[in-house]
Amino acid sequence: GQANLKSPQDLQVYIVNTNFTLRWNYTGNDTNVTFSAQYQLLGDFETNKAQWKELTGCQNVTGTECDFSSAITEYYDRHNVRIRAERREEVSPWSSVFEMTPYLIAQIGPPGIELQSTNGVIKIKISPPEANRVRKMWIAHLRFKYNLVIWENSSNAEFRSRNIFPIDIIDDLAPETTYCLKVQATLLLESKEGLFSPIHCVKTTCKAVKDLLCATNVSVFALNMEFYLHWSNQYKQHVSYNVQYLTGYLKESHNDYSSEWVNVPGCENITDTKCNFSSVIGGSSGFYYLRVEAVNEYNKSCFSNDVKVNPLVTNEIGPPGVKLDISDVLLHIQIFPPGGSESEAMRTNYDLSYRVIYWKHSMNNEEEVNMKEIKQTLGTVSDLTPSTLYCVKVQAFSEVYNKSSDFSKEECIKTPGDNILPLIILATFVIALIAVLLVAMPLIFALYQAYSKIKYVFFPSCQPPLNIEGFGEQHFSSPYISATEELVENCWILESITTEEVNQTDSKDYKQCKQSNRDSGNYSNDDDTSGGKVCEETLEKEIV
């Protein structure tokens, strides 16, 4: 049934949310030509095995576009589309195939807008694309971000763009002025920008006088995951404050979150103008909103502007702690992470690195400054100079959040001296000690010998017998001085014996006398004559 009909060309599929439109061109001059399209749902099938089906909404079309939104329900699967021209029984060849995955080529539709002008500001409420639709291309509507473009309705309008929440307030507007605006929905992860909403215009009202009761200059100070909210008080009368917070994701929802604000523990009914809300933040990587409610003595209240807190972005990194130790060849640098050992969030969330600056300390401060970057909390420095003062300071930084701390306090330590000098001193001492001993020992020995001789001569250890010391009332101080011979009295008992016995006795007595004379000679300087005389006299008496 093919004839000379030309095939359609330049097939294109346009998708906005779940609205599908097929467009093409036809260059033939034929009249009464209609167009019919088919599609393949590939899914996990190969192209040659998938079945071609009629594309509902695109059959016998007289124009060059058709809506086939009801035909496609699988938005994440691949599809093929083709079309041909028809005239009664004649048909053209099929066009080239158009391949598509609906979700990848779909555009985000415009969001809905509701505006209210009050007290010099514009309150805006945004409805997500595909609101109240059963079939949706964009399932996770909470991931939508909204971009607002606003301008004065005048000839020289200046366009301003800003991100807003689904329920938000547009301030910084001139009173009694007409403003026009439009809103666009975006998906950041998919890098998709939607279509702008229709333009809406609204006139602002006069702004009421600012209430002095309200807290002003609300700001956040955070260091090492310790968070403080500060504000100013312009009210001259008694006033108390309640600090409230809202979890960030609630503001991104399209529902009314006014009843979701919660008081910060420890910051209820206070008179101070600061609040520690670290207990609310914890180690969370989410974000929060805070505001201050001021209440006067008449129970009238006023809320401050909201302040956004992204903990890991708002927080500042404090300087780390440093401790130095030194060995013979290495300088050991121990680093304590900012916030101390209890600050687990600082270590886990920031993935901290450390920049170590070290130098030799000198009076002229001309020594070279060295730097090294480490990931660990323990670093070392080698090639040290003996007896030198080294100084160190450390800075913590996070590449992920592009944050860095102040440098720590300078810490200094002196390296030990050269090991050769103590050895030289020790060797000198030992040699000197040996020399002193060699000289002193002979001298001591000579003195000891002289002392022994003197003591022996003048202070003998053995004294003369008492009978010698007391004889003749004369005292003796030395054994070498002459003394009177000791008188020895010998007595015997004589019995009647034979002549032979007498001779024997005489012989014995003679020997005893002779021995006695020898003994007595130990204490006499005379000859042995006196002793011999005594013995002779004795022998004569005995014979008689």
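Residues numbered from 1 in each chain as written. Predicted model: local features only at pLDDT ≥ 70, side-chain atom pairs only at ≥ 80, totals over all residues. Heavy atoms only, no water.

Within an unreviewed UniProt entry, the label attached to the protein chain reads INAR1 protein, and the organism entered is Atlantisia rogersi.

Q: Just give me the short version of the overall build of the protein chain, but keep the residues and values in it.
A: Summing up its helical and strand segments, the protein chain has nine helices and 32 strands in all. Accessible surface computed for the protein chain: about 34,500 Å², of which carbon and sulfur atoms make up 51%. (Helix = DSSP H or I, 4+ residues; strand = E, 2+ residues; numbered from the N terminus. Areas by Shrake-Rupley, 256 points an atom, 1.4 Å probe, with all protein chains shown as cover.)

Q: Let's hear about the environment of His-141: which residues, and what values?
A: Turning to its location among the elements, His-141 is positioned in the loop between β10 (121-127) and β11 (145-152). Each C-alpha atom of the pair His-141 and Glu-252 lies 9.9 Å from the other, and the pair is 111 residues apart in sequence. When residues no more than four places from it in sequence are discounted, the contact partners of His-141 are Pro-128 and His-254. (Contact = heavy atoms within 4.5 Å.)

Q: Describe the pattern of salt bridges, and please don't skip the residues or the numbers.
A: Within this structure, the stated rule accounts for ten salt bridges. Between Arg-23 and Glu-65 there is a salt bridge, and its shortest N-O distance comes to 3.3 Å. Residue Arg-23 is found in strand β2 (residues 19-25), and its partner Glu-65 is found in strand β5 (residues 65-67); the two are separated by 42 residues along the sequence. Lys-145 is paired through a salt bridge with Glu-252; the nearest N and O atoms lie 2.7 Å apart. With a gap of 107 residues between them, Lys-145 in strand β11 and Glu-252 in helix α2 (residues 248-252) connect regions that are remote in the sequence. (Salt bridge = Lys/Arg side-chain N within 4 Å of Asp/Glu carboxyl O.)

Q: Which residues make up the sheet that holds strand β21 (residues 274-276), and what values do they have?
A: In space, the three strands of this open sheet follow the order β17-β18-β21, with antiparallel pairing throughout. This sheet does not close on itself; its edge strands, each paired only once, are β17 (216-223) and β21. Averaged over all pairs of adjacent strands, the angle between strand axes in this sheet comes to 15°, irrespective of strand direction. Relative to strand β18 (residues 226-232), β17 runs antiparallel, the two being bridged by six bridges. Residue pairing across strands places Val-220 opposite Leu-229, the latter belonging to β18. (Pairing = 2+ DSSP bridges. Axes fitted to C-alpha atoms, helices over the stretch in contact; angles between N-to-C directions.)

Q: Give a detailed account of the state of the cysteines, specifying residues and quantitative values.
A: Enumeration over the complete set of coordinates arrives at five disulfides. Put simply, Cys-267 and Cys-275 are joined by a disulfide, and their sulfur atoms are 1.9 Å apart. Taking the sign of the S-S torsion, about 95° here, the bridge from Cys-267 to Cys-275 comes out right-handed. With respect to class, Cys-267 is no different from Cys-275; both count as buried. Each sulfur of the disulfide joining Cys-391 and Cys-412 lies 1.9 Å from the other. With the S-S bond torsion at 105°, the cross-link from Cys-391 to Cys-412 turns out right-handed. (Disulfide = S-S within 2.5 Å. Buried < 20%, exposed > 50% of the residue type's maximum accessible area, 1.4 Å probe, protein only.)

Q: Residue-level account of the sheet that holds strand β25 (residues 321-326), with values.
A: Read from one edge of the open sheet, three strands run β25-β26-β29, paired in antiparallel fashion. Across the chains shown, the open sheet's two edge strands, defined by having one partner strand only, are β25 and β29 (378-381). Adjacent strand axes in the sheet meet at a mean angle of 25° when their direction is disregarded. Looking at chain direction, β25 and strand β26 (residues 331-336) are connected through six bridges and run antiparallel.

Q: Tell me about the packing of aromatic side chains, and please be specific about residues and values.
A: Aromatic ring pairs are reported here in terms of the distance separating the ring centres and the angle at which the planes meet. If you walk through the whole model with that rule in mind, you get 14 aromatic pairs. One aromatic cluster is present, built from ring pairs that chain together Phe-20, Phe-68 and Tyr-75. The cationic tip of Arg-23 hangs over the ring face of Tyr-14; the distance from NZ or CZ to the ring centre is 4.6 Å. When the ring centre of Trp-94 is taken as origin, the NZ or CZ atom of Arg-82, which lies over that ring, is 4.2 Å away. (Phe/Tyr/Trp six-rings, centres within 6.5 Å; stacked < 30°, edge-to-face > 60°. Lys NZ or Arg CZ within 6 Å of the ring centre and 35° of its normal.)

Q: I'd like to hear about the layout of surface pockets, residue by residue, with values.
A: Each pocket or cavity is described by its volume, and for the largest pocket that value is around 1,700 Å³. Along the walls of the largest pocket sit 48 residues, with Ile-169, Asp-171, Ser-304, Asn-305 and Asp-306 positioned nearest its centre. Element by element, the count of residues in the lining of the largest pocket is highest for β10, at four residues. Residue composition of the lining of the largest pocket, grouped by class: 22 nonpolar, ten polar and 16 charged. Two domains each donate at least three residues to the lining of the largest pocket, and these are domain 2 (112-204) and domain 3 (216-314). (1 Å grid on protein atoms, 1.4 Å probe; cavity = no way out; pocket = protein on both sides within 12 Å on 5 of 7 lines; lining within 4 Å. Points joined across faces, edges and corners; volume = space filled by probe spheres on them. Nonpolar A, V, L, I, M, F, W, Y, C, P; charged D, E, K, R; others polar. Domains from an automatic or database assignment.)

Q: Break down the pairing of strand β3 (residues 34-41) for me, citing the residues and quoting the values.
A: Counting buried residues along β3, seven of its eight residues qualify, which places the element largely inside the surrounding structure. For β3 and strand β6 (residues 79-87), the ladder comprises eight bridges, and the chain directions are antiparallel. Bridge pairing links Thr-34 to Glu-86 in β6. Note: β3 against strand β4 (residues 52-54), three bridges, orientation antiparallel.

Q: Requested: an account of the nonpolar core, with residues and values cited.
A: Residues Trp-231, Val-243, Val-264, Phe-277 and Ile-333 are the most contacted members of the largest nonpolar core, which totals 50 residues. Taken domain by domain, the makeup of this core includes at least three residues from each of domain 3 (216-314) and domain 4 (321-414). The contacts of Val-264, once residues within four sequence positions are left out, are Val-243, Gln-244, Tyr-245, Cys-275, Asn-276, Phe-277, Val-280 and Leu-290. With 47 residues, the next largest nonpolar core counts Phe-20, Val-33, Leu-148 and Leu-187 among its residues. (Core = buried A, V, L, I, M, F, W, Y, C linked by side-chain atoms within 4.5 Å.)

Q: Break down the confidence of the model for the protein chain for me, with residues and values.
A: Predicted confidence across the protein chain gives a mean pLDDT of 82, with 80% of residues reaching 70 or more. Mean pLDDT values over the elements of the protein chain span from 43, in helix α8 (residues 499-521), up to 96, in β2. Low pLDDT, under 50, characterises residues 470-488; the predicted model gives this stretch 18 contacts beyond four residues in sequence or across chains. (pLDDT = per-residue confidence, 0-100.)

Q: I'd like a rundown of the side chain of Thr-101, residues and numbers included.
A: With respect to the secondary-structure elements, Thr-101 resides in the loop between β8 (98-100) and α1 (102-105). Relative accessible area serves as the criterion here: at 17%, Thr-101 is assigned to the buried category. With residues up to four places along the chain from it excluded, the contact list for Thr-101 reads Tyr-75, Tyr-76, Asp-77 and Arg-78.

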